[in-house]
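Take a look at the letters that make up each chain.
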Amino acid sequence: MKIGIDKINFFIPHLYVDMNKLALARNVEPAKFTIGIGQEKMAVAPITQDTVTLAANAAVEILTDEDKEKIDTVIFATESGIDHSKAAAIYVHRLLGLKHHARAFEIKEACYGATAAIQLAKGHIALHPDSKVLVLGSDISRYGLHSSGEVTQGAGAVAILISANPKIMTIEEPSVFHTEDIMDFWRPIYSDVAYVDGKFSNEKYISFFQTVWGQFKAETDMTLADFEAICFHMPYTKMGLKALKSVLDEGYNSDQERLLANYDVSKQYSKVVGNIYTGSLYLSLLSLLELNTDLDAGDRIGLYSYGSGAVGEFFSGIIQPGYRDFLQAEKHEKLLKERKELSIEEYEKIFQETLPTDGSALTLSIDEDPADICLAGIDRHMRQYINKNL
Ligand code: HMG
């Protein structure tokens, strides 16, 4: 049975910072951020967007009533969730009007979470081919003002519908994964920013890629020639390129040229959004699928997922006939184009805004947030969500 991505969408907040301006404000040569790191813009979440609303906004645009009827599982992957106990999936389940006869839960393993969710979903569909699973990957990446990781922040969500006979991409069976207990990046529960050993994290990202890619080749006899493109988790756009280049000499010139050209297409969305953590690999996939109009049904796409801490996985998918009809390329172009630029002072102010933690009530103004689904306030420690269309 073919199982895979039936629908996929992303959502980002409407605010961004220009990396040239951030560099100047941090006394850094702008080329370090734009060329050395490879980021042009960074999405910034206003206080009216959290991981729940970002995910709900990503999903609301793609689900039909028929999908809603078939979804019996909602898996929410995040490392910047809003509650240690209640799953963000439950809020989204309500905001989307999904049926009660469904499981809804949250999972976590840094940026690997959405991949774990997709593989779980695949197993579920194999047992229940008539059902559909909604996978959400949603995060707000925070390292802190003036930190070395600041340039690699971002915010956004992906919504992925996994089903039998998918319209966009099947997920092939061989999948290779690797886990090691390392401290390259982590966020203790008392901290709202991540701790990171930047250089070590870069090394591990690459060495995990080489490990899972090597094992994948051994298990499948595939080579670089079998892949039209390889999509990477993109904490910043230079990162995946370094990993790709570390294995490129295995291929012929034609493989190298094709994979580098498609890497370039796959980084276009991340370059102007930043690290959206667990959704990041799928933002790269969307960038490739929507911006490379030469892909054909039957093309094989490799996917490298990496979540600090750390788990890495390499797997592959096959593009399905007519896949372009089910993508939202024009909507995404508009979403990216219509964002509002923040000055560095405005960004710093937004970054430091917090919700009350003493139980007092706060009503947020949602008029300036163009998103359909917003956080409208908090009362007695309970977040108040609004879908403007209901
Ligand atoms: P840094 O120390 O500020 O930067 O940290 P650097 O000194 O290493 O410079 C970066 C690059 O800019 C270098 O290029 C410089 O040469 C170049 P490279 O040698 O790497 O190719 N450069 C310039 N280029 C052009 N013109 C110039 C110029 N100056 C310098 N004038 C770092 C960078 C990414 C480490 C930091 O921002 C950081 O710690 N970020 C967060 C961690 C991270 O993103 N790690 C990635 C792998 S781990 C991962 O992906 C998981 C993650 O998503 C979390 C999760 O799983 O949940 C992070």
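Our subject is the structure listed above.
Residues numbered from 1 in each chain as written. Predicted model: local features only at pLDDT ≥ 70, side-chain atom pairs only at ≥ 80, totals over all residues. Heavy atoms only, no water.

Peer 1: Summarise the nonpolar core; cite the residues concerned and give the values.
Peer 2: Grouped together as the largest cluster of nonpolar side chains are 48 residues, with contacts concentrated most on Ile-5, Ile-8, Ile-160, Ile-162, Tyr-282 and Leu-285. Sorting elements by how many residues they give to this core places helix α11 (residues 280–291) first, with 7 residues. Two domains share this core, each providing at least three of its residues, namely domain 1 (3–166 + 327–387) and domain 2 (170–323). In contact with Ile-5, other than residues within four places in its own chain, are Ile-160, Leu-161, Ile-162, Pro-166, Lys-167, Ile-168, Met-169, Ile-171 and Leu-285. (Core = buried A, V, L, I, M, F, W, Y, C linked by side-chain atoms within 4.5 Å. Buried < 20%, exposed > 50% of the residue type's maximum accessible area, 1.4 Å probe, protein only. Helix = DSSP H or I, 4+ residues; strand = E, 2+ residues; numbered from the N terminus. Domains from an automatic or database assignment. Contact = heavy atoms within 4.5 Å.)

Peer 1: Please provide a residue-by-residue account of the site of the ligand, values included.
Peer 2: Taken together, 30 residues form the shell around the ligand, and within it Glu-79, Cys-111, Ser-148, Lys-199 and Lys-242 come nearest. Within the side chain of Thr-152, one N or O atom sits 3.3 Å away from a nitrogen atom of the ligand. Considering the ligand on its own, with 1100 Å² of exposed area, one finds that the protein chains cover 74% of that surface. Put simply, the parts of the chain that give the shell around the ligand at least two residues each are α2 (30–37), α7 (198–220), α8 (237–245) and β13 (300–307). The dominant element in the shell around the ligand, judged by the number of residues it contributes, is α7, at 5 residues. Looking at the shell around the ligand residue by residue, the classes come out as 13 nonpolar, 11 polar and 6 charged. In terms of domain composition, the shell around the ligand takes at least three residues from each of domain 1 (3–166 + 327–387) and domain 2 (170–323). (Near = heavy atom within 4 Å. Polar contact = N/O pair within 3.5 Å; in protein donor to acceptor, adjacent residues only side chain to side chain. Areas by Shrake-Rupley, 256 points an atom, 1.4 Å probe, with all protein chains shown as cover. Nonpolar A, V, L, I, M, F, W, Y, C, P; charged D, E, K, R; others polar.)

Peer 1: Which residues make up the pattern of salt bridges, and what values do they have?
Peer 2: Throughout the structure, instances matching the rule amount to 19 salt bridges. Residue Arg-383 pairs with Asp-50 through a salt bridge whose shortest N-O separation is 2.9 Å. Placement of Arg-383 in strand β18 (residues 382–387) and of Asp-50 in the loop between β3 (41–44) and α3 (51–60) is noted, with a sequence separation of 333 residues between them. Residue Arg-383 is classed as partly exposed on the basis of its relative accessible area of 25%. Between Lys-217 and Glu-250 there is a salt bridge, with the nearest N and O atoms lying 3.0 Å from each other. Linking Lys-217 in helix α7 with Glu-250 in the loop between α8 and α9 (253–266), this pair joins segments that are 33 residues apart in sequence. Salt bridges linked by common partners bring Asp-6, Lys-7, Asp-67, Lys-132 and Lys-167 together as one network. (Salt bridge = Lys/Arg side-chain N within 4 Å of Asp/Glu carboxyl O.)

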